[in-house]
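The lines below spell out each chain.
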Amino acid sequence: MLTNKYYYDYSKNHPEKLFDPYYAKNKVIIPTRIEEKNNLTKNNEKLIDLITAFQVALSMGKHKESESIKEIIKAIEEILDNTENINYSSFCQFFMVYNASYSAYEDLPKKEKYDFLFEILVLYCKERHGIYKSHGYTNSILQVVCDNYSHKRNSKTSIIKFEDLLKPYISYNLNDESRVVSDDDYYFLPDKTGKKCFMRMLSALNLKMESRNIEQGKVPDIVFKHKGHYYIFELKMMKGSGGGQNKQAVEFAYFIKFSEQNEKVHYGVLLDSLYSNDLFYSDQPKIVEQRKDVIDALKMNPNNFFINTAGAELLLNDIFKEN
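Residues numbered from 1 in each chain as written. Predicted model: local features only at pLDDT ≥ 70, side-chain atom pairs only at ≥ 80, totals over all residues. Heavy atoms only, no water.

J.: Is there a simple way to explain the overall build of the chain in this structure?
T.: Of regular secondary structure, the chain possesses 13 helices and five strands. Here the chain has a C-alpha radius of gyration of 27 Å; the compact-globule value for 323 residues is 20 Å, and the former is much larger. Over its C-alpha atoms, taken along the principal directions, the chain stretches across nearly 85 × 45 × 40 Å. Expressed as a percentage of the 323 residues in the chain, the buried residues total 46%. Across the chain, contacts joining residues at least 24 apart in sequence account for 70% of those joining residues at least 6 apart. Here the chain displays about 17,400 Å² of accessible surface, and carbon together with sulfur accounts for 51% of that area. If the 44 positive side-chain charges of the chain are averaged to one point and the 45 negative ones to another, these points end up 1 Å apart. (Helix = DSSP H or I, 4+ residues; strand = E, 2+ residues; numbered from the N terminus. Rg over C-alpha atoms; globule rule 2.2 N^0.38 Å. Buried < 20%, exposed > 50% of the residue type's maximum accessible area, 1.4 Å probe, protein only. Contact = heavy atoms within 4.5 Å. Areas by Shrake-Rupley, 256 points an atom, 1.4 Å probe, with all protein chains shown as cover. Lys, Arg positive; Asp, Glu negative; His and termini not counted. Charge placed at Lys NZ, Arg CZ, Asp CG, Glu CD.)

Listed below in structure tokens is the structure:
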């Protein structure tokens, strides 16, 4: 295994790609061709027709308690309550203009749903329906809005990605804390099933883990062991600079700032995101300072590592290449 500077420089020279397919959260909810229909697109078109019917009824002097209005709203409610992904429709997205939401609508009692739909339909017809009809309603908006919500969907985490990077070398997920010292070639997740293993490791190896002082009780994301060496890693995925990201940057620099007397214990940070490119190359004062903190930490602690995805692949290969 080479020096931590080598893996830092390798990471720097092999930056993260602009798009990482590993974290793709693709979800297609409409047919690929316009002549094809699914339940969502059919009901979205029905919804638009019902809104037009509601607008016409209002123009004819119908009111909230009119039977025709009640029938229209009942049909709209049926669509909203029973059509998967209808929350991506133009109508449902309009709820947010008035500080409401589709999820809030779902939680309403039935009587309140009727009142809500009547009021929001009046506003929608006045402020949006004519605009959208003039420009042309299209079912593609369902997919556009769905894509816009991608960041809210669960995806593979950086922990799962690191587990996948480990798979060619280790598949043993340790759950028995009594075997932390005796067994080898395993990994565990301290913040999930491996908390007892982590606490046993701290006591058995008499580890100070001074980085925990910044946040009492915080545990690393993953620990793996090979040939008696313990590799304790924090895994960070940061999309860009900002207040929250700056706080995380302080944390990961602090994590590798300390080392143990036991030379078989290594602390490492995998910064798996475009932010790592910023950290290696940006000239923004805060990021320059963060970069200096990382470099200084690596100089002071030769057992520790700071890597990106490419650096992780190389480091793992070098750790395990001699079997």
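J.: Help me understand the pattern of salt bridges in this model?
T.: Where charged atoms from two side chains of opposite charge approach closely, those side chains can pair. Tallying each qualifying case throughout the model produces 16 salt bridges. In this structure, the salt-bridge partner of D115 is K111, at a minimum N-O distance of 3.1 Å. Taken together, the positions of D115 and K111, both in helix α6 (residues 110-135) and four residues apart, correspond to about one turn of that helix. Judged by relative accessible area, D115 falls into the partly exposed class, the value being 22%. Overall, K111 belongs to the exposed group, its relative accessible area being 57%. Across the pair K236 and E234 runs a salt bridge, and its minimum N-O distance is 3.5 Å. In this structure, K236 and E234 share a single accessibility class: buried. Through salt bridges with shared partners, a single network forms among K64, K111 and D115. (Salt bridge = Lys/Arg side-chain N within 4 Å of Asp/Glu carboxyl O.)

J.: How should the packing of aromatic side chains be read in this particular structure?
T.: Two aromatic rings are characterised by how far apart their centres lie and by the angle between their planes. Enumeration according to the criterion identifies 28 aromatic pairs in this entry. What links up through ring pairs into an aromatic cluster is the set F91, F94, F95, Y98, Y102, Y105, F116, Y124, Y132 and Y137. Taking the ring centre of Y105 as reference, the NZ or CZ of K113 above it sits at 4.9 Å. (Phe/Tyr/Trp six-rings, centres within 6.5 Å; stacked < 30°, edge-to-face > 60°. Lys NZ or Arg CZ within 6 Å of the ring centre and 35° of its normal.)

J.: Explain the sheet that holds strand β4 (residues 265-271) to me, please; I cannot follow it from the model alone.
T.: Neighbouring strands of a sheet are bound in pairs by backbone hydrogen bonds; such pairs are parallel or else antiparallel. Taken in spatial order, the five strands line up as β1-β2-β3-β4-β5 in an open sheet, and their pairing is mixed. Sheet topology places β1 (186-188) and β5 (305-307) at the edges, where each strand pairs with a single neighbour. For this sheet, the mean angle separating the axes of adjacent strands, direction not counted, is 20 degrees. Summarising the sheet, strand β2 (residues 222-226) and strand β3 (residues 229-236) pair through five bridges and their orientation is antiparallel. The partner of V223 across the bridge, within β3, is I232. Running at roughly 15 degrees to β2, helix α8 (residues 158-166) makes contact with β1, β2, β3 and β4 of the sheet. (Pairing = 2+ DSSP bridges. Axes fitted to C-alpha atoms, helices over the stretch in contact; angles between N-to-C directions.)

J.: Which parts of the structure should I look at to understand helix α9 (residues 195-204)?
T.: In an α-helix, one full turn covers 3.6 residues, which means residues spaced three or four apart are oriented alike. For α9, every residue scored as buried is listed here: C197, F198, M201 and L202. Projected down its long axis, α9 shows its buried positions confined to an angular sector of 140 degrees, all on one face. Exposed residues lying more than 90 degrees from the buried face of α9 are K196 and S203. Its buried side turned inward, α9 meets β1, β2 and β3. Looking one or two places after α9, you find N206, whose phi comes out positive at around 55 degrees. (Arc of directions from axis to C-beta.)

J.: Sorry if this is basic, but what is going on with the state of the cysteines here?
T.: Every disulfide links exactly two cysteines, by a covalent bond between their sulfur atoms. According to the stated counting rule, one finds zero disulfides in the structure shown. Between C92, a cysteine without a disulfide, and C146, which holds the nearest cysteine sulfur, the sulfur-to-sulfur distance is 14 Å. Given the relative accessible area of 2%, C92 is considered buried. C125 takes part in no disulfide bond, and the closest cysteine sulfur, belonging to C92, lies 14 Å away. Assessed through its relative accessible area of 9%, C125 is described here as buried. (Disulfide = S-S within 2.5 Å.)

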